[in-house]
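Architecture and fold: a report
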Amino acid sequence: MENKAIEISEIEFGYYKDQTIFSNLSLDVNVGEYVCVIGHNGSGKSTLAKLLVGLNEVRKGEIKIFGQVLNEENIYSLRKKIGIVFQNPDNQFIGSTVRDDIAFGLENACVKHEDMEEIIHEYAKKVNMEEFLDKEPGNLSGGQKQRVAIAGTLAMNPSLLIMDESTSMLDPKGKREIRELTNMLRQENKKLTIISITHDIDEALQADRVIVINQGEVVLNDKPEVVFKNEEKLKEVKLDIPFSYKLNQVLNKNNIKVDSVDFEGLVKELCQ
Ligand SMILES: Nc1ncnc2c1ncn2[C@@H]1O[C@H](COP(=O)(O)OP(=O)(O)OP(=O)(O)O)[C@@H](O)[C@H]1O
Ligand SMILES: [Mg+2]
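Now for a quick tour of the structure. (Residues numbered from 1 in each chain as written. Chains lettered and ligands numbered in written order. Predicted model: local features only at pLDDT ≥ 70, side-chain atom pairs only at ≥ 80, totals over all residues. Heavy atoms only, no water.)

With that settled, the discussion passes to the overall build of the protein. In terms of regular secondary structure, the protein is built from 11 helices and 10 strands. Whereas a compact globule of 272 residues would reach a radius of gyration of roughly 19 Å, the protein reaches 19 Å, a difference of no more than 12%. Projected onto its principal axes, the C-alpha coordinates of the protein cover approximately 65 × 45 × 40 Å. Sorting the 272 residues of the protein into buried and exposed places 47% on the buried side. Here the contacts in the protein between residues at least 6 apart in sequence split such that 61% fall between residues at least 24 apart. Within the structure as shown, the protein displays about 14500 Å² of accessible surface, and the carbon and sulfur contribution to it stands at 46%. The averaged location of the 45 negative side-chain charges in the protein is 3 Å from the averaged location of its 34 positive side-chain charges. (Helix = DSSP H or I, 4+ residues; strand = E, 2+ residues; numbered from the N terminus. Rg over C-alpha atoms; globule rule 2.2 N^0.38 Å. Buried < 20%, exposed > 50% of the residue type's maximum accessible area, 1.4 Å probe, protein only. Contact = heavy atoms within 4.5 Å. Areas by Shrake-Rupley, 256 points an atom, 1.4 Å probe, with all protein chains shown as cover. Lys, Arg positive; Asp, Glu negative; His and termini not counted. Charge placed at Lys NZ, Arg CZ, Asp CG, Glu CD.)

A separate point is the site of ligand 1. Around ligand 1 there are 15 residues in total, and Gly 42, Lys 45, Ser 46, Thr 47 and Gln 87 lie nearest to it. Contact between ligand 1 and Ser 46: an oxygen atom at 2.9 Å from a side-chain N or O atom of the residue. Between ligand 1 and His 199 there is a distance of 3.1 Å, counted from an oxygen atom to a side-chain nitrogen or oxygen. Contact with the protein chains hides 65% of the accessible area of ligand 1, taken as 640 Å² for the molecule alone. Class assignment for the residues of the shell around ligand 1 results in 3 nonpolar, 10 polar and 2 charged. (Near = heavy atom within 4 Å. Polar contact = N/O pair within 3.5 Å; in protein donor to acceptor, adjacent residues only side chain to side chain. Nonpolar A, V, L, I, M, F, W, Y, C, P; charged D, E, K, R; others polar.)

With that out of the way, let us pick up the nonpolar core. In this structure, Ile 38, Ile 102, Leu 106, Val 212, Phe 228 and Leu 234 are the most contacted members of the largest nonpolar core, which totals 48 residues. Of all the elements in the fold, those that place two or more residues in this core are strand S3 (34-38), helix H3 (98-108), helix H4 (113-126), helix H5 (142-155), strand S7 (160-164), helix H6 (172-188), helix H7 (201-204) and strand S9 (209-214). Counting residues per element, this core draws most heavily on H5, at 6 residues. When residues no more than four places from it in sequence are discounted, the contact partners of Val 212 are Ile 38, Glu 217, Val 218, Val 219, Leu 220, Val 227, Leu 234, Val 237 and Leu 239. Counting 31 residues, the second-largest nonpolar core is a separate cluster that includes Val 29, Ile 63, Ile 162 and Ile 211. (Core = buried A, V, L, I, M, F, W, Y, C linked by side-chain atoms within 4.5 Å.)

Right, let's get into the coordination of the magnesium ion (ligand 2). Octahedral metals with six donors have ideal donor angles of 90 or 180 degrees. Tetrahedral metals with four donors have an ideal donor angle of 109.5 degrees. For the magnesium ion (ligand 2), the full set of protein donor atoms is Ser 46 (OG) and Gln 87 (OE1), at a range of 2.0 to 2.3 Å. You can see Ser 46 sitting in helix H1 (residues 45-52) and its partner Gln 87 sitting in the loop between strand S6 (82-85) and H3, a full 41 residues away along the chain. The exposure class assigned to Ser 46 is partly exposed, which follows from its relative accessible area of 22%. According to the relative accessible area criterion, Gln 87 is partly exposed, its value standing at 35%. (Donors = N, O, S within 2.8 Å, 3.2 Å for Na, K, Ca; no water.)

Taken as a whole and assessed by the stated rule, the structure comprises 2 aromatic pairs. Measuring from centroid to centroid gives 5.0 Å for Phe 13 and Tyr 15, while their planes differ by 75 degrees, and the two rings are edge-to-face. Judged by relative accessible area, which is 2%, Phe 13 ranks as buried. Ring geometry for Phe 228 against Tyr 245: centres 6.2 Å apart, planes inclined by 70 degrees, an arrangement best described as edge-to-face. Residue Phe 228 is found in the loop between helix H8 (224-227) and helix H9 (231-236), and its partner Tyr 245 is found in helix H10 (residues 243-253); the two are separated by 17 residues along the sequence. Each member of the pair, Phe 228 together with Tyr 245, is buried. (Phe/Tyr/Trp six-rings, centres within 6.5 Å; stacked < 30°, edge-to-face > 60°.)

A volume near 650 Å³ is recorded for the largest pocket. Along the wall of the largest pocket there are 24 residues; nearest its centre are Ile 84, Gln 92, Gly 105, Asn 108 and Met 156. Counting residues per element, the ones that place at least two in the lining of the largest pocket are helix H2 (75-79), S6, H3 and H5. The element that contributes the greatest number of residues to the lining of the largest pocket is H3, accounting for 5 residues. A breakdown of the residues in the lining of the largest pocket according to their chemical character gives 14 nonpolar, 7 polar and 3 charged. (1 Å grid on protein atoms, 1.4 Å probe; cavity = no way out; pocket = protein on both sides within 12 Å on 5 of 7 lines; lining within 4 Å. Points joined across faces, edges and corners; volume = space filled by probe spheres on them.)

Moving on, we get to the packing of H3 against H4. Helix-helix packing is characterised by the crossing angle of the two axes and by the distance between the axes. Packing of H3 against H4 leaves a shortest axis separation of 10 Å and a crossing angle of 125 degrees. Considering the angle they form, H3 stands oblique to H4. Here H3 and H4 pass one another in a crossing that is right-handed. On H4, the residues that touch Arg 99, Ile 102, Ala 103, Leu 106 and Glu 107 of H3 are His 113, Met 116, Glu 117, Ile 119, Ile 120 and His 121. Taken together, the residues that form the contact of H3 with H4 break down as 6 nonpolar, 2 polar and 3 charged. (Axes fitted to C-alpha atoms, helices over the stretch in contact; angles between N-to-C directions. Parallel < 35°, antiparallel > 145°, perpendicular 65-115°, else oblique. Left-handed = near helix turned anticlockwise from the far one by under 90°.)

A few words on unusual backbone geometry. Even without being glycine, Asn 157 reaches a positive phi, approximately 50 degrees. Note that Asn 157 resides in the loop between H5 and S7. Phi is positive for Gln 215, close to 45 degrees, though the residue is something other than glycine. Tracing the backbone shows Gln 215 in the loop between S9 and strand S10 (217-222). Take Gln 215: its relative accessible area is 64%, and that puts it in the exposed class.

Structure below.
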């Protein structure tokens, strides 16, 4: 029985002939895993997300989703299992109202018409957008658009959820709420696999695994506490370490003994 959601084997990809974004990338993600992908601008994160949903084709190597090699024939059936929230929510809206937009995704996921209204309300409520259901998506604020895009994708009940900086325009409270929402969905469905591409180091701290990408290559791939201890490597690829780690370092440097303090918990409390 397959327990891998994603198997990327030695892929090569560029958008055009003389460009190479990935020269030999391999990566696995287990079913039920929550993986954060971090890396500075232009490192290939969104390109990877697009390859995973078959929007672009690899030049070499292969991508397996739930055990099936992604190809032109199975892409449509596989996409039914994948929910993707793109980096720019404007690219994601099709309906003339928020309600239509969420409904469109549900139609594609073959949800029965009589069940739709309830699901639409349920998910709009989860992201605090219930009162906007009759509004035009184009007229919403950036953060509101992201909330709608997230609601539409989650409502489709995907097995694999790919979020490409999908909370980048939300305020800290909004980010936290979406994180709580995805955590709750994971509790409900232990097989839900999440790949979250993010610049939010504090989100990455919560993941099962953090993958650091730099210039199309995986430079770190481990549990968050291992990745964020590798300060040297992170600096090399121009990434920051979490605030809780920095605070710990500063206190240690000043000989303040703080070994028993739970820094992540402390910072979380302070930021509430
Ligand atoms: N449609 C495209 N055609 C050609 N080149 C592209 C295209 N989209 C992205 N690129 C290039 O591919 C590289 C990787 O881009 P990508 O969007 O995957 O980066 P990213 O890691 O998502 O960055 P960011 O953090 O800014 O979102 C960049 O050098 C970018 O300029
Ligand atoms: Mg991107």
